[in-house]
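A look at the structure
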Amino acid sequence: MKSILNVLVLLTLLTFLITSCSRGVDRIETVKVEVKREPLNLEKPPIPKQEELNWIIINSENAEEVFKKLEEKGTDPVLFGLTDDEYEDLAVNFAQIRNYIIQQNFVIDKYKEYYESEETNGTD
Amino acid sequence: MFGQLKLILIGIMLIGATGGIAYVYKLKADNAVLKENQIKLEEAVNEQQQVIAQQKEDFDKILQTNKELNNLTQVLQQDLDRLDDKFNKTNASGKKRDIGDLANARPSSVEKIINRATGNAIRCVEIAMGSPLTEKEINATKKSEINSECPSIANPSYVPHN
């Protein structure tokens, strides 16, 4: 009788052991980490005031008159000269610099809009 | 002997029943985990779909911005071409304009013209740097009213007629 009981106890333990050995389904663990990015929000630099420029055209005929006028105004009688072709080049260079500023501003505005707009603000 | 066999059979049956019950409980637990997993997977799929939609939106924005930048570059190039035309315009008789000749012949008139143009060019740079347009600049529609150095940025209401 005692040996039967032992067998029964062993069988019970074996049953639990086998049941426990079967591997269950793994639980999926997902982790969400939100990283907030502060918008850079750099202010654009203030617009500098541009000084007015005044060109003086000088040729072989009016040179004396021009220098006389300069002296009358109390300005140093000296002029920094450009030829007509160089003047044209200067105008084109100036326009190219202006266009570059416009394009750069456009790019900065679009970057700001893309990365710091309301929908994307703070998250990335 | 028969009694002992009966007892063993009853024992086996009991153990079998216990094992069966334990297995059912385990299945139930597995089922719950599977349901949970299914919900999580559905959520993940949903999130992925949102990410794909966002990526598509971003891609459209990038394409649109590139298009706008190309348009802007073209408009600015037109301003540059116009400036080049001003210096090298060909008149009705087929002679190319020479600002040097003109300045030599009429220095004071040309002086006035280039000083006005320089004032306009300086204003163009201010606008390029972000200076707001004046009412006069915004409303200018006639050629005589516009900033001829950079009408594309200074006079939004002006439509050039080529």
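Report follows, based on the coordinates.

Definitions and limits used
Residues numbered from 1 in each chain as written. Chains lettered and ligands numbered in written order. Predicted model: local features only at pLDDT ≥ 70, side-chain atom pairs only at ≥ 80, totals over all residues. Heavy atoms only, no water. Helix = DSSP H or I, 4+ residues; strand = E, 2+ residues; numbered from the N terminus. Rg over C-alpha atoms; globule rule 2.2 N^0.38 Å. Buried < 20%, exposed > 50% of the residue type's maximum accessible area, 1.4 Å probe, protein only. Contact = heavy atoms within 4.5 Å. Areas by Shrake-Rupley, 256 points an atom, 1.4 Å probe, with all protein chains shown as cover. Lys, Arg positive; Asp, Glu negative; His and termini not counted. Charge placed at Lys NZ, Arg CZ, Asp CG, Glu CD. Phe/Tyr/Trp six-rings, centres within 6.5 Å; stacked < 30°, edge-to-face > 60°. Lys NZ or Arg CZ within 6 Å of the ring centre and 35° of its normal. Expected span 1.5 Å × (residues − 1). Axes fitted to C-alpha atoms, helices over the stretch in contact; angles between N-to-C directions. Parallel < 35°, antiparallel > 145°, perpendicular 65-115°, else oblique. Left-handed = near helix turned anticlockwise from the far one by under 90°. Nonpolar A, V, L, I, M, F, W, Y, C, P; charged D, E, K, R; others polar. Core = buried A, V, L, I, M, F, W, Y, C linked by side-chain atoms within 4.5 Å. Buried area = accessible area lost by both parts, 1.4 Å probe. Salt bridge = Lys/Arg side-chain N within 4 Å of Asp/Glu carboxyl O.

A count of helices and strands for chain B gives 5 helices and 0 strands. At 42 Å, chain B has a C-alpha radius of gyration far larger than the 15 Å of a compact globule built from 162 residues. In terms of principal-axis extent, the alpha carbons of chain B reach across some 140 × 35 × 25 Å. When each of the 162 residues of chain B is scored for burial, the buried share is 27%. Sequence-distant contacts, at least 24 apart, represent 35% of the contacts inside chain B between residues at least 6 apart. Total accessible area on chain B stands at roughly 11,300 Å², and carbon and sulfur atoms take up 59% of it. When the 21 positive and 21 negative side-chain charges of chain B are each reduced to one mean point, those points stand 3 Å apart.

The next thing to look at is the packing of aromatic side chains. Following the criterion strictly, the structure yields 4 aromatic pairs over all chains and no others. When the ring of Tyr-87 of chain A is compared with that of Phe-87 of chain B, the centres are 6.0 Å apart and the planes differ by 80°; the resulting orientation is edge-to-face. Of this pair, Tyr-87 of chain A sits in helix H3 (residues 84–116) while Phe-87 of chain B sits in helix H1 (residues 2–87), each in a different chain. Their ring planes at 80° and their centres at 4.8 Å tell us that Tyr-114 of chain A and Tyr-115 of chain A sit as a pair that is edge-to-face. In this structure Tyr-114 of chain A comes out as partly exposed when scored by relative accessible area, which is 22%. On the accessibility criterion, Tyr-115 of chain A (45% relative accessible area) is partly exposed. Directly above the ring of Tyr-25 of chain B sits Lys-28 of chain B, whose terminal nitrogen or CZ lies 5.9 Å from the centroid.

Attention now moves to H3 of chain A. Relative to the 48 Å expected for 33 residues at 1.5 Å per residue, H3 of chain A spans 47 Å between its end C-alpha atoms, a close match to the ideal helical length. The complete set of buried residues in H3 of chain A reads Tyr-87, Glu-88, Ala-91, Ala-95, Arg-98, Asn-99, Ile-102, Asn-105, Phe-106 and Lys-110 of chain A.

Time to look at the packing of H3 of chain A against helix H3 (residues 107–128) of chain B. Between two packed helices, what matters for the description is the angle formed by their axes and the separation of those axes. For the pair H3 of chain A and H3 of chain B, interaxial distance at closest approach is 9 Å and the crossing angle is 20°. The angle between the axes of H3 of chain A and H3 of chain B places the two elements in the roughly parallel class. You can see that H3 of chain A and H3 of chain B cross each other, and the crossing is left-handed. Across from Tyr-87, Phe-94, Arg-98, Ile-101, Ile-102 and Asn-105 of chain A in H3 of chain A, the residues of H3 of chain B making contact are Ile-114, Thr-118, Ala-121, Ile-122, Cys-124, Val-125 and Ala-128 of chain B. Among the residues forming the contact of H3 of chain A with H3 of chain B, the class breakdown is 10 nonpolar, 2 polar and 1 charged.

Let's shift gears to the nonpolar core. Among the nonpolar cores identified, the biggest contains 11 residues, and these are Ile-57, Tyr-87, Ala-91 and Ala-95 of chain A together with Leu-80, Leu-83, Phe-87, Ile-99, Ala-103, Val-110 and Ile-114 of chain B. When residues of this core are traced back to their parent elements, those giving at least two are H3 of chain A together with H1, helix H2 (99–105) and H3 of chain B. Once you skip the residues sitting within four places of it in the chain, Ile-114 of chain B turns out to touch Trp-55, Ile-57 and Tyr-87 of chain A together with Ile-99 of chain B. Membership of the second largest hydrophobic core comes to 10 residues, among which are Ile-102 of chain A together with Ala-128, Cys-150 and Ala-154 of chain B.

A word on the interface of chain A and chain B. Contacts between the two partners involve 46 residues from chain A, matched on the other side by 55 residues from chain B. Of the roughly 4,700 Å² buried between chain A and chain B on both sides combined, carbon and sulfur atoms contribute 68%. Ranking the residues of chain A by area buried against chain B places Ile-57, Arg-98 and Tyr-114 of chain A at the top, with a combined share of 14%. Linking chain A to chain B there are 2 salt bridges.

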